[in-house]
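# Breakdown of the fold
Chain by chain, the residues:
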Amino acid sequence: MTGFRRGVRLGIDVGRARVGVAKCDPDGMLATPVETVPRDDASIARVVALAQEHDAVEIAVGLPISLSGADTPSTADAREFAQALAEASRLPVRLVDERLSTVSAHSALRGSGKTQRQSRRIVDQVAAVVLLQQALDVEKNTGRPPGTPVPPAQEPA
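Anyway, here's the lowdown on the structure attached to this text. Computed from a predicted model, the values in this text were never measured in an experiment. One numbering rule holds for all chains: residues counted from 1, following each sequence as written. Owing to the predicted nature of the model, reporting of local features is limited to residues with pLDDT of at least 70; listing and counting of side-chain atom pairs is limited to 80 or more, with chain, interface and lining totals taken over all residues. The side-chain figures draw on all heavy atoms in the structure; neither hydrogens nor water molecules are used.

### Topic: the packing of aromatic side chains
Two rings from Phe, Tyr or Trp (for Trp, the six-membered ring) form a pair when their centres sit within 6.5 Å of each other. Planes less than 30 degrees apart are called stacked, planes more than 60 degrees apart edge-to-face, and all others tilted. Applying the stated rule across the entire model yields zero aromatic pairs. Here, over-ring charges are defined by two tests on the NZ atom of lysine or the CZ atom of arginine: distance to the ring centre within 6 Å, and angle to the ring normal within 35 degrees. Across from the ring centre of F4, 5.2 Å away, lies the NZ or CZ of K140, which sits over that ring.

### Quick word on the environment of A22
Relative to the helices and strands, A22 resides in strand β2 (residues 18–24). C-alpha of A22 to C-alpha of V126: the two residues are 104 residues apart in sequence and 7.7 Å apart in space. Any two residues having at least one pair of non-hydrogen atoms within 4.5 Å are treated as being in contact. Leave out the neighbours within four places in its chain, and A22 touches R9, L10, G11, T32, P33, V34, Q125, A128, V129 and L132. Strands here mean DSSP runs of E at least two residues long; helices mean DSSP runs of H or I at least four residues long; both are numbered from the N terminus.

### Concerning the packing of helix α1 (residues 43–53) against helix α2 (residues 75–89)
Geometry is summarised by axes, namely lines fitted to C-alpha atoms with helices restricted to the contacting stretch, and by angles between N-to-C directions that run from 0 to 180 degrees. The geometry of α1 relative to α2 is characterised by a closest axis approach of 10 Å and an angle of 55° between their N-to-C directions. With respect to their mutual orientation, α1 and α2 come out oblique. The element α1 and its partner α2 pack so that their crossing is right-handed. Of the residues in α2, those in contact with S43, I44, V47 and V48 of α1 are F81, A84, L85, A88 and S89. Class assignment for the residues of the contact of α1 with α2 results in seven nonpolar, two polar and no charged. Any angle that falls under 35 degrees is termed roughly parallel, while one over 145 is termed roughly antiparallel, one within 65 to 115 roughly perpendicular, and all others oblique. The handedness criterion is simple: a crossing whose near helix is rotated anticlockwise from the far helix by less than a right angle is left-handed, and one whose near helix is rotated clockwise is right-handed. Charged residues are taken to be Asp, Glu, Lys and Arg, nonpolar residues to be Ala, Val, Leu, Ile, Met, Phe, Trp, Tyr, Cys and Pro, and polar residues to be all remaining types, Gly included.

### Focus on the side chain of Q125
Inspection of the secondary structure assignment puts Q125 in helix α5 (residues 123–142). In contact with Q125, not counting residues within four places along its chain, are G20, V21, A22, P33, V34, E35 and T36.

### Points about the sheet that holds strand β1 (residues 9–14)
Two strands qualify as a pair provided DSSP detects at least 2 bridges between them. If you trace the six strands from one edge of the open sheet to the other, you get β3-β2-β1-β4-β5-β6, paired in mixed fashion. Two strands lie at the open edges of the sheet, namely β3 (31–38) and β6 (148–149), each paired on one side alone. By the bridge criterion, five bridges tie strand β4 (residues 58–63) to strand β5 (residues 93–97) in an arrangement that is parallel. Among the inter-strand pairings, V61 is bridged to a residue of β5, identified as L95. α1 rests against β1, β2, β3 and β4 of the sheet, and its axis sits at about 150° to β3. Across the sheet, α2 is in contact with β1, β2, β4 and β5; its angle to β4 comes to roughly 170°.

Next up, the structure:
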């Protein structure tokens, strides 16, 4: 675990209708679900409030890219959400490859006996857990922060 930066992190799975939120403990041992936030004009403010409530030191936003590594229709949306989150929270925000996180979330929920309809309200949280756990594992295994940082907004000159 050399090079692991201690502190609570939030994992964010950005969707068109909902935003899944997960968090980890300060030692990055386990990612757990927090909340599903409706995707509307208050989404950013709610995620910022959750970051403050949990004393987060960083936010990992899932970047939906295709298996080949190309952008998907949701990629620009996730980038815009991450940028708005970085500006509103003043916390470090990192874009983390989330390939297969939603697929893994659906699979885990099916494996636990949940139907697609029963899963709808929590699948975004589970996807956020999957992407955050993957990000934590990458940092623990490599000693480097996962993904790419979202640059802070430039102040007008």
